[in-house]
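Remarks on the overall topology
Okay, here's what each chain looks like letter by letter:
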Amino acid sequence: MASTPPVARKVPHELAEHGDVRLDSYYWLRDDSRSDPAVLAHLRAENDYTAALMSDVKHIEDEIFAEIRGRIKEDDTDVPLRRGQYYYYERTLTGKEYVQHCRRLVPTDGHITVFDAMPVGLDAPDEHIVLDENVKAEGHDYYSIGAFKVSPSGRLVAYGEDTNGDEAYTLYVIDAESGEYVGQPLKGVTSDIEWAGDDYLVYITMDSLHRPDKVCLHKLGSDQSNDMCLYHEKDDIFSLGLQASESKQYLFVRSESKSTSFIFHLDISKQKKQLEVLTPRLYGIDTAASHRGNHFYIKRRSEDFYNSELVACPSNNVAEATVLLPHRESVKIQDFQLFENHIAVYERENGLPKITVYGLPASGEALGKLQGGREIDFVDPAYAVEPEESQFHSSIIRFHYSSMKTPPSVFDYDMDSGVSVLKKINTVLGGFDSSNYVSERKWAAASDGTQIPISIIYRKDLVQLDGSDPMLLSGFGSYEICIDPSFSGSIFSLVDRGFVHAIAHVRGGGEMGRKWYEDGKLLKKKNTFTDFIACAEHLMKSKYCSKEKLCISGKSAGGLLMGAVLNMRPDLFKAAIVGVPFVDALTTMLDPTIPLTTAEWEEWGDPREEEYYYYMKSYSPVDNVKAQEYPHILVTAGLNDPCVMYSEPAKFVAKLRELKRDDNLLLFKCEVGAGHNSKSGRFEKLREDAFSYTCLLKALGMTYAA
């Protein structure tokens, strides 16, 4: 194996814009076909070098992998969902990478309650395995099911299959009982598919830039070439999404950019399947919709109502709107779920998620402002809550809950009585005891005085909190995505070695409302980076760590965050994990032929405009690598990644190798058979965590067993 770092050859390539010329000597590393022998040889050389440098601690990686895997109950069943005449659930098997999709008949027609449970045992209806992903994955290095949709009658199942990680799916329909294929597969679809009755499927396809641009109607038994295009979105900053209403009466097609979205609806009950406008395309207005009775319910955001309002409009007069929940300065409406007699509203207040449930008048009666809501209580200081699929004709809402020390849990909550029942908490093996850990929420002051929330976990019998403890600080800060403090079974291999783990909820995410996002994008993007640095400095000042033991991590847009802060303050960190990073931001945003570029202009700015060009150039990591000392760094990539081209991290590493003035580790690992989300198998993914953590331990001189 190679023990000297690969040196990428330099091929001068000038990039000129606004009278400014940039020299990109590593531009040649971009090969859209992923087949250039010189490029592939360089990636292999990087992988070989990484393996060689990590060979002395391979036993630590294996040990950590065994620990992480050892916390998982490998043979397990998730909470069954009662849907129609069946309970549906997924099951994992010992030693198997993928899940089985199963169902059992519901023995009675009684109402669903929080105490409802699928019968098992000798007297229970037989289990039927509808789809075994382990069987389907045989012969594939990568395998992912992106959608699994049961037809209204329960007779058929449609599922989307990706076998190389590029997130372009092939859609199959099978008979749910026999497993036999029905018709021919549909090629090149997204994971957004829905049934429009038992005889029709609605799906979305992508253009050459991987942008979801067409929504199509497929009649079972017909050829895909004959499918009807219901709508073609030609504006390349917009992408299409698809979802069904909880009532299952309507499908909604949403065309959205980063600032605007509008909606079409399709009435499944009508023989003529066509889209009708629900909300118009108005720049700066963002809408999401569902349906109940004779009303559409719409979440609507604008510049004035930046945290969103919730309105309802009659299905026969969509121009007439009644405000159900008005806009509030301190509370952001994130999502909502409709039921026959209730609505559950998912909100964010003070950076934390919450669920409030309201009763609704009988269908057909007048609607007014929602009042008398009941808020569901949560106990951890910081936590994550996500909606699960619930049944429209019931009073039971199901949600997923976890915190940094509370394993993933599923609750059923009766919206009439307020009774909550824990249906399952994931078993964590390996001697895990949540009482050994402390979860905290702290605040750091940014350079402009803004208070930035930080979520923290550590093992109380191992840390000193005197500045001597190692820390892993992670962050993201883009796309209004909330990185809530959820449970990670992997991270305990660091925490049980005395690490403090923290998440910096920096601007650019959505944790503190829409303005939190607006203040970390476009010409305010640098707030994301300075917020992260402020969090790091606050944690050091508060004696959670020191710069000699502070490690950082981020993936994708969080990888851009890592690249930016490493260039800005390399003195502040000991080591960094830079995962599938968007680090060549300026060059990518100047090239509309790269997938996702046009849709991202409203996030980062369009550098064809001079103001955005120079602002982006001032932080784009590849453009700002300097002749200075850097921390230990691990960079990862996926050759088939459709979101961040592998060439971005490859160029970042090449430029670091050229300019950095230190002997610290610089490792690059490119998965040649995977995409943005690494490998597909549940245990294969754990290898990535084990490898990354081992790199940190090596950098800190902590390569010993727990």
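Residues numbered from 1 in each chain as written. Predicted model: local features only at pLDDT ≥ 70, side-chain atom pairs only at ≥ 80, totals over all residues. Heavy atoms only, no water.

Glancing now at the overall build of the chain. Within the chain, the secondary structure is distributed over 12 helices and 38 strands. For the chain, the C-alpha radius of gyration of 26 Å lies close to 27 Å, the compact-globule estimate for 706 residues. Oriented by its inertia axes, the alpha-carbon framework of the chain measures out at about 70 × 60 × 55 Å. For the chain, the residues scored as buried account for 59% of the 706 residues in total. Pairs at least 24 residues apart make up 59% of the contacts formed inside the chain by residues separated by at least 6 positions. (Helix = DSSP H or I, 4+ residues; strand = E, 2+ residues; numbered from the N terminus. Rg over C-alpha atoms; globule rule 2.2 N^0.38 Å. Buried < 20%, exposed > 50% of the residue type's maximum accessible area, 1.4 Å probe, protein only. Contact = heavy atoms within 4.5 Å.)

Let us look at the sheet that holds strand E32 (residues 451-459). Remark on secondary structure: sheet strands pair via backbone hydrogen bonds, oriented parallel or antiparallel. Judged by pairing direction, the sheet is mixed, and its eight strands sit side by side in the order E31-E32-E34-E33-E35-E36-E37-E38 without closing on themselves. The strands lining the two open edges of the sheet, one partner per strand, are strand E31 (437-445) and strand E38 (666-671). Across the sheet, the axes of successive neighbouring strands diverge by a mean angle of 15 degrees, strand direction being ignored. (Pairing = 2+ DSSP bridges. Axes fitted to C-alpha atoms, helices over the stretch in contact; angles between N-to-C directions.)

We now examine the domain arrangement of the chain. For the chain, the assigned domains are domain 1 (39-70 + 431-700) and domain 2 (285-426). Between domain 1 and domain 2, the C-alpha centre-to-centre distance is 33 Å. Counting residues at the interface gives 25 residues for domain 1 and 21 residues for domain 2. In total, about 2000 Å² of surface goes out of reach between domain 1 and domain 2, with carbon and sulfur atoms giving 59% of it. The tally of links from domain 1 across to domain 2 stands at two salt bridges. Notably, a salt bridge pairs glutamate 480 with lysine 332, separated by 2.7 Å at the nearest N-O pair. Across the domain 1-domain 2 interface, the total number found is nine residue pairs in polar contact (both at pLDDT 80 or more). When residues of the side of domain 1 that touches domain 2 are traced back to their parent elements, those giving at least two are E31, E32, strand E34 (500-504) and helix H5 (514-518). Among the elements that make up the side of domain 1 that touches domain 2, the one with the highest residue count is E31 (five residues). Considered class by class, the residues forming the side of domain 1 that touches domain 2 number 11 nonpolar, seven polar and seven charged. (Domains from an automatic or database assignment. Buried area = accessible area lost by both parts, 1.4 Å probe. Salt bridge = Lys/Arg side-chain N within 4 Å of Asp/Glu carboxyl O. Polar contact = N/O pair within 3.5 Å; in protein donor to acceptor, adjacent residues only side chain to side chain. Nonpolar A, V, L, I, M, F, W, Y, C, P; charged D, E, K, R; others polar.)

Under the criterion given, the structure shown has five cavities of 30 Å³ or more. By volume, the largest cavity is sized at about 80 Å³. Lining the largest cavity we find Tyr27, Arg30, Asp584, Thr587, Thr588, Ile594, Met645, Ser647, Glu648 and Lys651. For the lining of the largest cavity, the secondary structure elements donating two or more residues are helix H8 (585-589) and helix H11 (647-659). (1 Å grid on protein atoms, 1.4 Å probe; cavity = no way out; pocket = protein on both sides within 12 Å on 5 of 7 lines; lining within 4 Å. Points joined across faces, edges and corners; volume = space filled by probe spheres on them.)

Two measures describe an aromatic ring pair: the distance that separates the ring centres and the angle between the ring planes. A complete count under the given rule lists 28 aromatic pairs for this structure. Where tyrosine 159 meets tyrosine 172, the ring centres are 5.5 Å apart and the plane angle is 25 degrees; that geometry is what we call stacked. Here tyrosine 172 lies in strand E10 (residues 169-175) and tyrosine 159 lies in strand E9 (residues 156-162), a separation of 13 residues in the sequence. Classification of tyrosine 159 by relative accessible area gives buried; the value is 0%. (Phe/Tyr/Trp six-rings, centres within 6.5 Å; stacked < 30°, edge-to-face > 60°.)

Taken in spatial order, the four strands make up an open sheet running E23-E24-E25-E26, and their pairing is antiparallel. With one partner strand each, in any of the chains shown, strand E23 (331-338) and strand E26 (374-375) form the two edges of the open sheet. As defined by bridge partners, strand E25 (residues 352-359) adjoins E26 across two bridges and the pair is classed as antiparallel. Bridging across to E26, valine 357 finds its partner in arginine 374.

Summarising the element assignment, phenylalanine 392 is placed in the loop between strand E27 (384-387) and strand E28 (396-402). Residue class for phenylalanine 392 comes out buried when judged on its relative accessible area of 10%. A sequence separation of 147 residues divides phenylalanine 392 from serine 245, and the C-alpha atoms of the two residues are 9.4 Å apart. Contact partners of phenylalanine 392, with chain neighbours within four places excluded, come to Glu246, Ser247, His291, Arg292, Leu338, Phe339 and Glu340.

Once that is clear, we can look at helix H2 (residues 58-70). For an α-helix, 3.6 residues make a turn, and residues three or four places apart therefore share a direction. End to end, H2 covers 18 Å across 13 residues, agreeing with the expected 18 Å (1.5 Å per residue, within 8%). When we look at burial in H2, the residues that qualify are Ile60, Glu61, Ile64, Phe65, Glu67 and Ile68. Buried residues of H2 fall within an arc of 160 degrees about the axis and therefore sit on the same side. (Expected span 1.5 Å × (residues − 1). Arc of directions from axis to C-beta.)

The next subject is the UniProt feature "domain: Peptidase S9A N-terminal" (unreviewed entry) in the chain. Those residues carrying the UniProt feature "domain: Peptidase S9A N-terminal" (unreviewed entry) are residues 6-423 in this numbering. The annotated region residues 6-423 carries 8% helix and 42% strand content, and the separation between its end C-alpha atoms amounts to 52 Å. (UniProt positions renumbered as here; feature names shortened; annotations may be inferred.)

Right, let's get into helix H7 (residues 557-568). In this model, H7 (12 residues) spans 17 Å end to end at C-alpha, consistent with the 16 Å of a helix rising 1.5 Å per residue. With respect to burial, H7 is a largely interior element, 11 of its 12 residues being buried.

For the rest of this paragraph, the subject is the pattern of salt bridges. Summed over the entire model, instances satisfying the criterion amount to 52 salt bridges. Of the charged contacts in the structure, one is a salt bridge between glutamate 600 and lysine 258, with a shortest N-O distance of 3.5 Å. Of this pair, glutamate 600 sits in helix H9 (residues 597-604) while lysine 258 sits in the loop between strand E16 (250-256) and strand E17 (261-267), and the two are 342 residues apart along the sequence. Linking aspartate 571 and arginine 569 is a salt bridge whose minimum nitrogen-to-oxygen distance equals 2.9 Å. Salt bridges sharing partners connect three or more residues here, namely Lys58, Glu61, Asp62 and Arg687.

Within the largest apolar cluster, 91 residues are counted, with the highest numbers of intra-cluster contacts made by Val215, Met471, Leu473, Phe532, Leu539, Ile552 and Phe573. In contact with leucine 539, other than residues within four places in its own chain, are Ile454, Ile456, Met471, Leu473, Ala502, Tyr544 and Cys545. Counting 38 residues, the second-largest nonpolar core is a separate cluster that includes Ile68, Ile491, Phe499 and Cys551. (Core = buried A, V, L, I, M, F, W, Y, C linked by side-chain atoms within 4.5 Å.)

With that settled, consider the packing of helix H6 (residues 526-541) against H7. Relative orientation of the contacting elements H6 and H7 amounts to 70 degrees, with a least axis distance of 10 Å. Classified by the angle between their axes, H6 and H7 sit roughly perpendicular to one another. Seen along the crossing, H6 lies across H7 with a hand that is right-handed. Along its contact with H6, which presents Thr528, Phe529, Thr530, Phe532 and Ile533, the element H7 presents Leu560, Leu561, Met562, Ala564, Val565 and Met568. (Parallel < 35°, antiparallel > 145°, perpendicular 65-115°, else oblique. Left-handed = near helix turned anticlockwise from the far one by under 90°.)

Moving on to the environment of valine 495. Secondary-structure assignment places valine 495 in helix H4 (residues 492-495). Residue classification places valine 495 among the buried residues on the basis of a relative accessible area of 0%. Distance from valine 495 to proline 470, taken between C-alpha atoms, is 9.3 Å for residues 25 residues apart in sequence. The residues touching valine 495, leaving out its near neighbours within four places in the chain, are Tyr437, Ile457, Tyr458, Arg459, Leu462 and His501.

Attention shifts here to the environment of arginine 608. Looking at the secondary structure, you find arginine 608 in the loop between H9 and helix H10 (610-617). Excluding anything up to four places from it in sequence, arginine 608 contacts Glu17, His18, Leu590 and Trp601. There is a polar contact of 2.7 Å between the side chain of arginine 608 and the side chain of aspartate 606.

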